[in-house]
Amino acid sequence: MKITFLGTGTSQGIPVISCGCEICSSKDFRDNRLRTSVLVETEDKTIVIDSGPDFRYQMLRAGVKDLDAIVFTHEHKDHIAGLDDIRPFNYLLKKDIHIYADSRVQKALKREFSYIFSDIHYPGLPQIQIHDIDKEPFTIGETLFIPIEIMHYKLPILGYRINDFTYITDAKTVSASSIEKIKGSKVLVVNALQRSTHISHFNLEQAIAFAKEINAETTYFTHISHNLGLHAEVEQELPPNIKLAYDGLVIEV
């Protein structure tokens, strides 16, 4: 299974509009972060987890020629705003895109993209097939997805375990039962927003502690803000098996 980090930034991305800080001004490409998303390529399917506002550019930059499904973690704008940009896949590949979302995310999609769900259909609308998900495992093609409930402050959201790979973003607290679903993963991806404490995200210290508890072979931090620091400097502070993800990073799991 091949994983491509399409975006590793927080809701504002890096550089942040109008910010001239050291991180936003950095010439290191690893400090330039689009909104968080990953591309998952299995033997038979091409899947994106979350389609944020940078989805179009992420598809172009990664050279994605085919797409079967989008799996959503939650309904915040930086995770759903790019759904309309599936239209070229519909037109060129002549197929619907399968959408996997829980009832709350579906409600947000229907609010934000009401025309997709309208009874009046006209040429050029995004063509989708919605699949209801909850906490039960589901399959996309031949691959099993295990939803993992995570708390994003008071909002329950979903991470996913896919074989030996677990993807979590926007976590603040994780229950003991969810931790049991994650343990044994060879690769863990989890958010590390900044150094100071945040109401709804792990900070760096909390993310490191969580990574040590899970004890995956390799952990990658994502959903990173400009308040964390320069990529090259922060990574020097991390334990050997913990790394900062960056846009364009490709790993095999």
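These notes cover the structure that comes with them.

Cut-offs used in this document
- Throughout this document, residue positions are counted from 1 along each chain, in the order its sequence is written.
- Given that the model is predicted, a residue must reach a pLDDT of at least 70 before its local features are reported, and side-chain atom pairs must reach 80 or more before they are shown or counted; all residues, however, enter totals for whole chains, interfaces and linings.
- Based on all heavy atoms of the structure, the side-chain values leave hydrogens and waters out of the count.
- Relative accessibility thresholds used throughout: buried, under 20% of the residue-type maximum; exposed, over 50%; partly exposed, between the two (1.4 Å probe, protein chains only).
- Note on conventions: DSSP H or I runs of at least 4 residues are helices, E runs of at least 2 residues are strands, and numbering of each starts at the N terminus.
- In this description, one arc is meant: the one made by directions from the helix axis to the C-beta atoms.
- Should any heavy atoms of two residues lie within 4.5 Å, those residues are counted as being in contact.
- Contacts described as polar in this section are N or O atom pairs within 3.5 Å, which, within protein, must combine one atom able to donate a hydrogen with one able to accept it, while residues neighboring in sequence count only if both atoms come from side chains.
- Salt bridges are identified by distance alone: a Lys or Arg side-chain nitrogen within 4 Å of an Asp or Glu carboxyl oxygen.
- At least two bridges found by DSSP between two strands are what make those strands a pair.
- Inter-axis angles, ranging from 0 to 180 degrees, are taken between N-to-C directions of lines fitted to C-alpha atoms, where helices are fitted over the stretch in contact.

**Regarding helix 4 (residues 103-112)**
Reasoning step 1: Among the residues of helix 4, those classed as buried are Val-105, Gln-106, Ala-108 and Leu-109. Each buried residue of helix 4 sits inside an arc of 160° when the element is viewed along its axis, so together they form one side. Turned more than 90 degrees away from the buried face of helix 4 sit Ser-103, Lys-107 and Arg-111, all of them exposed.
Reasoning step 2: Lining the buried residues of helix 4 we find helix 2 (77-80), strand 5 (97-101) and strand 6 (128-132).
Reasoning step 3: Residue Asp-102 occupies the N-cap position of helix 4, its side-chain oxygen lying 3.2 Å from the main-chain nitrogen of Arg-104.

**Description of the environment of Cys-21**
Reasoning step 1: Following the sequence through the fold, Cys-21 ends up in the loop between strand 1 (2-7) and strand 2 (37-41).
Reasoning step 2: Taking the C-alpha atoms as reference points, Cys-21 and Asn-227, 206 residues apart in sequence, are found 9.3 Å from one another.

**Brief notes about the pattern of salt bridges**
Reasoning step 1: Applying the stated criterion across every chain yields a total of 14 salt bridges.
Reasoning step 2: Notably, a salt bridge pairs Lys-95 with Asp-66, separated by 2.8 Å at the nearest N-O pair. Here Lys-95 is found in the loop between helix 3 (87-93) and strand 5, whereas its partner Asp-66 is found in the loop between helix 1 (55-62) and strand 4 (69-71), with 29 residues between them in sequence.
Reasoning step 3: Residue classification places Lys-95 among the partly exposed positions, given a relative accessible area of 25%.
Reasoning step 4: Since its relative accessible area comes to 32%, Asp-66 is described here as partly exposed.

**Observations concerning the sheet that holds strand 14 (residues 250-252)**
Reasoning step 1: Pairing is mixed across the open sheet formed by seven strands, whose spatial order is 6-5-4-3-2-1-14. Each edge of the open sheet carries a strand with a single partner, namely strand 6 and strand 14. Each adjacent strand pair in this sheet contributes to an overall mean axis angle of 20°, direction not counted.
Reasoning step 2: Bridge count between strand 4 and strand 5: three bridges; the pairing is parallel. Looking at the pairing, Ile-70 lines up with Ile-99 of strand 5.
Reasoning step 3: Along the sheet face, helix 1 touches strand 1, strand 2, strand 3 (46-49) and strand 4 and points at about 135° away from the line of strand 1.
Reasoning step 4: Along the sheet, helix 4 makes contact with strand 5 and strand 6, crossing strand 5 at roughly 125°.

**Description of unusual backbone geometry**
Reasoning step 1: The omega torsion across Ile-14 and Pro-15 is 5°, close enough to zero to call that bond cis.
Reasoning step 2: Considering the arrangement of structural elements, one finds Pro-15 in the loop between strand 1 and strand 2.
Reasoning step 3: Even without glycine at this site, Lys-94 takes up a positive phi of about 55°.
Reasoning step 4: In this fold, Lys-94 is placed in the loop between helix 3 and strand 5.
Reasoning step 5: The phi dihedral of Tyr-153 falls on the positive side, at around 60°, and the residue is not glycine.

**Considerations on helix 6 (residues 204-214)**
Reasoning step 1: Among the residues making up helix 6, those that are buried are Leu-204, Ala-207, Ile-208, Phe-210, Ala-211 and Ile-214. Along the axis of helix 6, the buried residues cluster in a sector spanning 165°; they form a single face. In helix 6, the exposed positions angled more than 90 degrees off the buried face are occupied by Glu-205 and Lys-212.
Reasoning step 2: Buried residues in helix 6 make contact with helix 5 (176-182), strand 11 (187-191), strand 12 (218-222), helix 7 (231-237) and strand 13 (242-244).
Reasoning step 3: Sitting at the amino-terminal end of helix 6 is Asn-203, which places a side-chain oxygen 3.3 Å from the backbone nitrogen of Glu-205.
Reasoning step 4: One or two steps after helix 6, the chain reaches Asn-215, where phi turns positive at roughly 60°.

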